[in-house]
Amino acid sequence: MKDYYFIQNEVKNMLTFDRFIHSLGVEKEAIKLGERYGVDINKCRIAAIVHDCQKDLSDEELIKKAMEYKIDVDKIQLKSPQLLHGPVGALYSKEKFEIEDEEIINAVYYHTTGRENMSLLEKIIYIADIIEENRKYFPQLESIRHEAYKDLDNALIMSADSTITYVIKRRCLIHPLTIEFRNSLLLGVK
Ligand SMILES: [Fe+2]
Ligand SMILES: [Fe+2]
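What comes next is a walk through the structure. (Residues numbered from 1 in each chain as written. Chains lettered and ligands numbered in written order. Predicted model: local features only at pLDDT ≥ 70, side-chain atom pairs only at ≥ 80, totals over all residues. Heavy atoms only, no water.)

## Describing the pattern of salt bridges
Close approach of charged atoms allows side chains with opposite charge to pair. By the definition in use, this model includes 15 salt bridges. In this structure, lysine 43 and aspartate 101 form a salt bridge, with 3.0 Å as the shortest nitrogen-oxygen distance. With lysine 43 in helix α3 (residues 41–50) and aspartate 101 in the loop between α6 (85–96) and α7 (102–109), the pair connects residues that are 58 residues apart, well separated along the chain. Across the pair lysine 43 and glutamate 103 runs a salt bridge, and its minimum N-O distance is 3.0 Å. Within this pair, whereas lysine 43 is found in helix α3, its partner glutamate 103 is found in helix α7, the two being separated by 60 residues in sequence. What makes glutamate 103 partly exposed here is its relative accessible area of 28%. Via salt bridges that share partners, Lys43, Asp101 and Glu103 belong to a single interconnected network. (Salt bridge = Lys/Arg side-chain N within 4 Å of Asp/Glu carboxyl O. Helix = DSSP H or I, 4+ residues; strand = E, 2+ residues; numbered from the N terminus. Buried < 20%, exposed > 50% of the residue type's maximum accessible area, 1.4 Å probe, protein only.)

The following block contains the structure:
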């Protein structure tokens, strides 16, 4: 794997200033959550800094790269290509930053949609993305932030609810992985 500072600098050059600041915020939050839940801090750090590395690509570029990486693009991703920045970012990171750790790759791959039975690292990146310090206010933000350090799965359910509600209000498509993600969390809750 390439050195952290090399990766950070590459990411900085690929993203708008605000998005880079967001990525640093996700990193800071992911490290705190990693300490709280006993997850490898280095994995948290790397996954967080690269998670949005392909987010400034256009819809056309994302679809093109997804094809190049042989990602099986479904009809929902075709209609909402921004969903592809997770999978494309994951495979880009594997190729360019030589990240071989499957857990880090999966955390980046699924950070937008979630999926069922996520690992702790995947959950940390998903929630850190939502609650990091630079996030613009939305109604549930403070309670999700608080819950993330108390009961991670419950914080994830709250986040999935808030994302799905937002998507429905805008009459946008919901990816089936997001539904599976939420269902698996609800089924896992006592
Ligand atoms: Fe993202
Ligand atoms: Fe993000």
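So much for the structure itself; the text now carries on.
## Considerations on the coordination of the iron ion (ligand 1)
Geometrically, a metal with four donors at the corners of a regular tetrahedron has ideal angles of 109.5 degrees, and one with six donors at the corners of a regular octahedron has ideal angles of 90 or 180 degrees. With distances of 2.1 Å, the protein atoms coordinating the iron ion (ligand 1) are Asp52 (OD), His85 (NE2) and His111 (NE2). Here the donor residues of the iron ion (ligand 1) are spaced in sequence according to D-x32-H-x25-H. Between the iron ion (ligand 1) and the iron ion (ligand 2), the interatomic distance is 3.5 Å, and aspartate 52 donates to each metal, bridging them. Placement of the pair is histidine 85 in helix α6 and histidine 111 in the loop between α7 and α8 (120–131), with a sequence separation of 26 residues. By relative accessible area, which is 3% here, histidine 111 ends up buried. (Donors = N, O, S within 2.8 Å, 3.2 Å for Na, K, Ca; no water.)

## Describing the nonpolar core
Ranked by internal contacts, the top residues of the largest apolar core, which has 45 residues, are Val11, Val50, Ile124 and Ile127. Ignoring any residue separated from it by four or fewer positions in sequence, one finds isoleucine 124 in contact with Ala30, Leu33, Gly34, Tyr37, Val39, Cys44 and Leu152. Within the second largest apolar cluster, eight residues are counted, among which are Leu62, Ala66, Ile71 and Val88. (Core = buried A, V, L, I, M, F, W, Y, C linked by side-chain atoms within 4.5 Å. Contact = heavy atoms within 4.5 Å.)

## Focus on the coordination of the iron ion (ligand 2)
The protein atoms donating to the iron ion (ligand 2) are His22 (NE2), His51 (NE2), Asp52 (OD) and Asp129 (OD), with metal-donor distances spanning 2.2 Å. Its four donor atoms give the iron ion (ligand 2) angles of 79 to 175 degrees at the centre, a pattern that matches the irregular case. All donors of the iron ion (ligand 2) come from a single chain, and their spacing in sequence reads H-x28-H-D-x76-D. (Tetrahedral: all angles 85-135°; square planar, octahedral: opposite > 155°, others 65-115°.)

## Regarding helix α9 (residues 141–148)
Along α9, the residues classified as buried are Leu141, Ile144, Arg145, Glu147 and Ala148. Those residues of α9 that are buried are in contact with α2 (17–37), α8 and α10 (152–169).

## Some details on unusual backbone geometry
Located in the positive-phi region is lysine 70, a residue other than glycine, with phi close to 60 degrees. Phi is positive for glutamate 98, close to 55 degrees, though the residue is something other than glycine. In this fold, glutamate 98 is placed in the loop between α6 and α7. What makes glutamate 98 partly exposed here is its relative accessible area of 39%.

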